[in-house]
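Next come the chains, spelled out residue by residue.
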Amino acid sequence: MIEVINTSKEMSRVSDNIKKSGKNISFVPTMGALHRGHLSLISKAKKSGDAVIVSIFVNPTQFGPKEDFAKYPRNLKKDLALLKPFAPLIVFAPSAKNIYPNDFGTFVDVEDLSCKLCGEFRPGHFKGVATVVLKLFNIVKPDFAFFGKKDYQQQLLIKKMAKDLNLNIKIVTCPTIREKDGLALSSRNAYLSPVERKSASLIYKALKTAKKMAKSKNAEKIISFIKRFLAASPLIKVEYASIVKKANGAAQILIAVKIGSTRLIDNILI
Ligand code: AMP
């Protein structure tokens, strides 16, 4: 059975009962318009044998005033049909008013990380993300929460928030699921016209070639290659291409582009 819960109060009550029964809770937050990327996280969560809760909430506070909040795809009926094979499952689908009542006024800011990369181009975005995720964590009370590597900076930010604020939740990051031509699945891919969709496949091609180059070339050469490669399509405008060093000595290339009005991001380990 798929149980759909619409209010925070009822969700918390159900979560408390799951905990009392001695079960762990695995949580997958989403904005709906579900695709195989989301389903891969749910599938991983299900493997734990815990009670699995999926939230579907298009979070208004993470969209800028000129962004696509109003047109973001919403289709709960279709989402529930896609979730059917994962039953038993709990879906938390609250209204914006339920999450942000009129007198709401507290926000979470993961300083530094929230201003870089995507944060530079989407001011306030990560403040909205951190706030809603902390609220959802407090309502759902998960032991494990699953995020996709596609949104690389987002999962870093959630891990930092969990550490900084002593959340007792294990954050699990799952691999990026792609189309046959390499394009990372995203609810926003639906905005692309056929020609835009074709040029979008260049993003992963650029990343894969850059990964090969990383064996012999320095960061500057790799970044300038990516920018030149993507400039081959007049439809693509690069917002940023950046290499981020990791603590373990490895590095991640992160890209954000605009194709028409559609903003797409991707990344690869090098
Ligand atoms: P969204 O609905 O776009 O907010 O995404 C909800 C969760 O699904 C986030 O943790 C995303 O990183 C993850 N996700 C989105 N697309 C993919 C993908 N192609 N592969 C793996 N995870 C994804």
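Calculation notes
Residues numbered from 1 in each chain as written. Predicted model: local features only at pLDDT ≥ 70, side-chain atom pairs only at ≥ 80, totals over all residues. Heavy atoms only, no water. Helix = DSSP H or I, 4+ residues; strand = E, 2+ residues; numbered from the N terminus. Rg over C-alpha atoms; globule rule 2.2 N^0.38 Å. Buried < 20%, exposed > 50% of the residue type's maximum accessible area, 1.4 Å probe, protein only. Phe/Tyr/Trp six-rings, centres within 6.5 Å; stacked < 30°, edge-to-face > 60°. Near = heavy atom within 4 Å. Polar contact = N/O pair within 3.5 Å; in protein donor to acceptor, adjacent residues only side chain to side chain. Areas by Shrake-Rupley, 256 points an atom, 1.4 Å probe, with all protein chains shown as cover. Nonpolar A, V, L, I, M, F, W, Y, C, P; charged D, E, K, R; others polar. Contact = heavy atoms within 4.5 Å. Disulfide = S-S within 2.5 Å. UniProt positions renumbered as here; feature names shortened; annotations may be inferred. Core = buried A, V, L, I, M, F, W, Y, C linked by side-chain atoms within 4.5 Å. Domains from an automatic or database assignment. Buried area = accessible area lost by both parts, 1.4 Å probe. Expected span 1.5 Å × (residues − 1).

J.: Can you lay out the overall build of the protein for me, pointing to particular residues and giving the numbers?
T.: A count of helices and strands for the protein gives nine helices and nine strands. Scaling as 2.2 N^0.38, a compact globule of 270 residues should have a C-alpha radius of gyration of about 18 Å, and the protein matches this with 19 Å. By principal-axis analysis of the C-alpha atoms, the protein measures approximately 55 × 40 × 40 Å. A total of 270 residues make up the protein; the buried ones form 51% of that total.

J.: I'd like a rundown of the packing of aromatic side chains, residues and numbers included.
T.: Tallied over the entire structure, the rule returns nine aromatic pairs. Judged by centre distance (6.2 Å) and plane angle (75 degrees), the ring pair of F27 and F137 falls under edge-to-face. Of this pair, F27 sits in strand β2 (residues 25-30) while F137 sits in helix α6 (residues 125-140), placing them 110 residues apart in sequence. When the ring of F57 is compared with that of Y100, the centres are 6.4 Å apart and the planes differ by 40 degrees; the resulting orientation is tilted. Placement of F57 in the loop between β3 (51-56) and α3 (76-83) and of Y100 in the loop between α4 (96-99) and α5 (118-121) is noted, with a sequence separation of 43 residues between them. Overall, the relative accessible area of 10% leaves Y100 in the buried class.

J.: Go over the site of the ligand, please, and point to the residues and values.
T.: Around the ligand sit 17 residues in total, of which H38, G148, D151, I177 and L185 are the nearest. Residue D151 places a side-chain N or O atom 2.6 Å away from an oxygen atom belonging to the ligand. Protein burial of the ligand: of its 490 Å² of free accessible surface, 93% is covered by the chains. Taken together, the elements giving at least two residues each to the shell around the ligand come down to β2, α2 (36-47) and β5 (144-148). Considering each element in turn, the shell around the ligand owes the most residues, three residues, to α2. For the shell around the ligand, a count of residues per class yields eight nonpolar, seven polar and two charged.

J.: Describe the environment of K44, and please don't skip the residues or the numbers.
T.: Locating K44 in the fold gives a position in helix α2. By relative accessible area, which is 39% here, K44 ends up partly exposed. Excluding residues within four positions of it along the chain, K44 makes contact with F146, V172 and C174.

J.: Could you give an account of the state of the cysteines, with specific residues and numbers?
T.: This model, assessed by the stated rule, comprises zero disulfides. The closest cysteine sulfur to the non-disulfide-bonded C174 is located on C118, 19 Å from its own sulfur.

J.: Which residues make up the UniProt feature "active site" (unreviewed entry) in the protein, and what values go with them?
T.: Taking the UniProt record as the reference, the feature "active site" (unreviewed entry) is found at H38. Tracing the backbone through its elements, the reader meets H38 in helix α2. Setting aside chain neighbours within four positions, we find H38 in contact with T30, G32, A33 and S187.

J.: Which residues make up the nonpolar core, and what values go with them?
T.: Judged by nonpolar contacts, the single largest core of 41 residues is most densely connected at M11, I53, F92, F137, I158 and M161. Elements supplying a minimum of two residues to this core: α1 (8-20), β2, β3, β4 (89-92), α6, β5, α7 (152-164) and β8 (251-259). Counting residues per element, this core draws most heavily on α6, which supplies ten residues. Taken together, domain 1 (2-174) and domain 2 (187-269) each give at least three residues to this core, which thus spans both.

J.: Let's hear about the domain arrangement of the protein: which residues, and what values?
T.: Segmenting the protein into domains produces domain 1 (2-174) and domain 2 (187-269). For domain 1 versus domain 2, the distance between C-alpha centres works out to 26 Å. Summed over both partners, the interface of domain 1 with domain 2 buries about 1,500 Å², with 56% contributed by carbon and sulfur atoms. The largest per-residue losses of area from domain 1 upon contact with domain 2 belong to L117, F121 and Y152, which jointly make up 39% of the total buried on that side.

J.: Explain α7 residue by residue, including any values.
T.: Helical periodicity: at 3.6 residues per turn, an α-helix aligns residues three or four positions apart in one direction. Here α7 contains 13 residues, and its C-alpha end-to-end distance of 18 Å stays within 8% of the 18 Å for a straight helix at 1.5 Å per residue. Taken as a whole, α7 has its buried residues at Y152, Q153, Q154, Q155, L157, I158, M161 and A162. The first or second residue beyond α7 is N166, which carries a positive phi of 55 degrees.

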